[in-house]
Amino acid sequence: NGKSGFVAAVTLSIMMLPVTCRAALEVIRIVPGSLREAALALGAPQWRVVLRVVLPTARAGLVTAAILGIARTAGETAEVLFTAGGGPHYNVNPFQGNQDDLPLRIFEQVFQPSANAISVGWGAAFVLMTLVLGLFTLARLLGSSSSGGRSRRRGRRTRSPA
């Protein structure tokens with residue numbers, strides 16, 4: 001029938017590209033030019049400046065941009081419905097047959113007449129919200145950790161007045 005989970009995954013990854021790229025571009029743009037100029041003045045080639053100065057400086061924002069793109073596509077239902085079909089059963093083969101989608105499953109379960117189906121729908125909504133919350137928490141943890149596992153303190157130490 002032409003429906004597959006792989007096509008849905010490709011569609012969603014293409015949909016998240018503009019959001020992720022635009023956010024990453026803005027994050028890289030706000031890296032101070034003085035850092036780049038200082039590294040270039042010390043004789044570092046351009047590729048090394050990008051690798052050792054720009055990317056570590058913008059790492060927190062880049063991780064946030066990636067998570068923002070993933071969270072943007074996590075709740076998409078229409079694209080997955082058109083490309084994967086939205087089957088009633090779990091399918092482990094992403095290249096053949098209809099695939100289920102969590103937002104579609106929530107929509108279908110919440111509007112069922114039985115109380116059990118409604119509670120299953122709310123449980124699936126809780127799983128989706130927990131997944132998005134976990135992604136944002138992971139982004140904050142990865143973005144706030146020190147660069148390369150090293151932390152350096154430079155400058156003079158001042159003594160507190162006694």
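Per chain, residue numbering runs from 1 following the sequence as it is written. Reporting of local features is limited, given that this is a predicted model, to residues whose pLDDT is at least 70; pairs of side-chain atoms are given and counted only at 80 or more, and all residues count toward the totals for whole chains, interfaces and linings. In computing side-chain values, all of the structure's heavy atoms are included and hydrogens and water are not.

J.: Hey, could you go over the environment of Phe126 for me, with residue numbers and the actual values?
T.: Relative to the helices and strands, Phe126 is located in helix H7 (residues 115-144). In sequence terms Phe126 and Ile106 are 20 residues apart; their C-alpha atoms lie 9.7 Å from each other. Every helix listed is a DSSP run of H or I at least four residues long, and every strand listed is a run of E at least two residues long, numbered separately from the N terminus.

J.: Can you break down a nonpolar patch on the surface residue by residue, with the values?
T.: Taken together, the side chains of Phe6, Val7, Val10, Ile14, Leu17 and Phe95 make up a nonpolar region of the molecular surface, amounting to roughly 560 Å² of accessible area. Among the structural elements, Val10 can be located in helix H1 (residues 5-29). Categorising residues by exposure relies on relative accessible area from a 1.4 Å probe, with only protein chains included: less than 20% of the type maximum marks a residue as buried, more than 50% marks it as exposed, and the intermediate range marks it as partly exposed. Its relative accessible area of 33% is what places Val10 among the partly exposed residues. Like-charged residues are merged into a patch within 9 Å and nonpolar side chains (Val, Leu, Ile, Met, Phe, Trp, Tyr) within 5 Å, provided each residue has over 30% relative accessible area and no salt bridge. Using a 1.4 Å probe, accessible areas were evaluated by the Shrake-Rupley method; residue-level cover was limited to the displayed protein chains. Should a side-chain nitrogen of Lys or Arg be within 4 Å of a carboxyl oxygen of Asp or Glu, the pair is scored as a salt bridge.

J.: Quick rundown of the environment of Thr77? Include the residues and the values.
T.: Note on placement: Thr77 falls in the loop between helix H4 (59-74) and helix H5 (78-84). For Thr77, a relative accessible area of 22% gives the class partly exposed. Each C-alpha atom, one on Thr77 and one on Asp101, is 7.0 Å from the other, the two residues being 24 residues apart in sequence.

J.: So what's going on with the side chain of Thr73? Which residues, and what values?
T.: With respect to the element layout, Thr73 can be found in helix H4. Leave out the neighbours within four places in its chain, and Thr73 touches Leu12, Met15 and Met16. Two residues qualify as a contact provided that any one of their heavy atoms is within 4.5 Å of a heavy atom in the partner residue.

J.: Outline the nonpolar core, listing residues and values.
T.: Counting residues in each nonpolar core, the largest one holds seven residues, listed as Val27, Val31, Ala39, Val49, Val53, Val54 and Ala58. Counting residues per element, this core draws most heavily on helix H3 (residues 46-57), at three residues. Once residues within four sequence positions are removed from consideration, Ala39 is found in contact with Ala44, Val49 and Val53. For our purposes a nonpolar core is just a set of buried Ala, Val, Leu, Ile, Met, Phe, Trp, Tyr and Cys residues, chained together by side-chain atoms within 4.5 Å.

These values are about where atoms sit, not about what they do.
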